[in-house]
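Spelled out, the chains give:
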Amino acid sequence: MVDATVTTPAGTSNPVPFYYVLPPVVLDVSPSSGPVAGGATVTVTGRGLATATSVLFGGTAVTPTVLSDSELTAVSPAHAAGEVSLVVVALGGSATAAGAFGFVAAPDVTGFSPVTGLPAGGTLVDITGTGLSTTTGVTFGAVPATFAVLSDTRVAAVAPAQAPGTVTIALTTTGGSDTAPGVFLYLL
């Protein structure tokens, strides 16, 4: 802080405090991707965020909710699929996140194999499709399954225990959700 005064031929004003505000620093952005439809709540952590006035996703500005000097949230806007820079604009300047923010299209699950398993669970199921690299969950019916992302086109999941009968397999990514065509049959 410094005292600021104005001097004119008539004299000098009383001092008024003037504060220098440091530019913000972005340390982390979570999650680092969201759906192309927008609506993902993104948490930004760093320093000097208390005076943030906007967050830019590419060229689209949104108004943040400032939680503290070290944390704010912003809701991602709708945007075409791809990566954009994320910039926090505050009174002291702006800061760009180290990594890009990704807008992810909804997944398209096209199939899975095998189509049967035992009620005790444990069957390794290969799920195929597109846009699977940001998978955050796989369910058999309503039961979550253990899974591993193998590529953008393949996810391996372990069928959980279920009663005999048929269930659908659904996959959720940061871009949305999709249900595989057909049903998985738990055999007696």
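The structure this text deals with has already been given above.
Counting starts from 1 at the beginning of each chain's written sequence and moves along it residue by residue. Local features in this predicted model are restricted to residues whose pLDDT is 70 or higher, and side-chain atom pairs enter the listing and the counts only when it is 80 or higher, whereas totals over whole chains, interfaces and linings include all residues. Side-chain measures were taken over the full set of non-hydrogen atoms in the model, leaving aside hydrogen atoms and water.

Regarding its fold elements, the protein chain presents zero helices and 26 strands. The C-alpha atoms of the protein chain give a radius of gyration of 25 Å, which is well past the 16 Å a tight globule of 188 residues would have. Here the C-alpha coordinates of the protein chain stretch approximately 95 × 30 × 20 Å along the principal axes. Exposure is judged per residue with a 1.4 Å probe applied to protein chains only, and the accessible area is read against the type maximum: over 50% gives exposed, under 20% gives buried, and values in between give partly exposed. Within the span of the protein chain, comprising 188 residues, buried residues form 35% of the whole. A run of H or I in DSSP becomes a helix once it reaches four residues, and a run of E becomes a strand once it reaches two; helices and strands are each numbered from the N terminus. Our radius of gyration is a C-alpha quantity, and the globule rule it is checked against amounts to 2.2 Å times the number of residues to the power 0.38.

Turning our eyes to something else, we now look at the sheet that holds strand β13 (residues 86-90). By definition, two strands form a pair when at least two bridges between them are found by DSSP. Here four strands make up an open sheet; going across it, the order is β9-β8-β13-β14 and the pairing antiparallel. Lying at the two open borders of the sheet, with one neighbouring strand each, are β9 (60-62) and β14 (93-96). The average angle at which neighbouring strand axes cross in this sheet is 25°, direction not considered. In terms of strand pairing, strand β8 (residues 52-57) meets β13 through five bridges, oriented antiparallel. Paired with V55 across the strands is V88, a residue of β13. What counts as an axis is a line fitted to C-alpha atoms, over the stretch in contact for a helix, and the angles between N-to-C directions run from 0 to 180 degrees.

What follows concerns unusual backbone geometry. P31 follows S30 through a cis peptide bond whose omega is -5°. Relative to the assigned elements, P31 resides in the loop between β5 (25-30) and β6 (33-35). Put simply, S113 and P114 share a cis peptide bond, and its omega is -5°. The residue P114 is located in the loop between β16 (108-113) and β17 (116-117) in this model.

Only buried residues count toward a nonpolar core, which is a set of Ala, Val, Leu, Ile, Met, Phe, Trp, Tyr and Cys residues joined through side-chain atoms within 4.5 Å. Residues V29, V44, V55, F57, L86, V88 and F101 are the most contacted members of the largest nonpolar core, which totals 18 residues. Elements supplying a minimum of two residues to this core: β5, β7 (41-47), β8, β11 (71-75), β13 and β15 (101-104). Of the residues forming this core, the biggest block, three residues, is contributed by β8. Counting residues in hydrophobic clusters, the runner-up holds 17 residues, among them L132, A157, I169 and Y186.

The four strands are arranged β5-β7-β11-β10 in an open sheet whose pairing can be described as antiparallel. Two strands close off the open sheet at either side, each with one partner strand: β5 and β10 (65-68). Ignoring strand direction, the axes of neighbouring strands in this sheet form an average angle of 25°. In this sheet, β11 lies alongside β10 in antiparallel orientation, the contact comprising three bridges.

This next bit is on the side chain of T73. Residue placement: T73 occurs in strand β11. Dropping the residues within four chain positions of it, T73 is found in contact with T41, V42, T43, P64, T65 and L67. Here, two residues are considered to be in contact whenever any of their heavy atoms come within 4.5 Å of each other.

A large share of β13 lies buried, amounting to four of its five residues. Pairing of β13 with β14, which is carried by four bridges, proceeds in the antiparallel orientation. If you follow A90 over to β14, its bridge partner there is G93. Here β13 folds back onto β14, and the loop between the two strands holds two residues.

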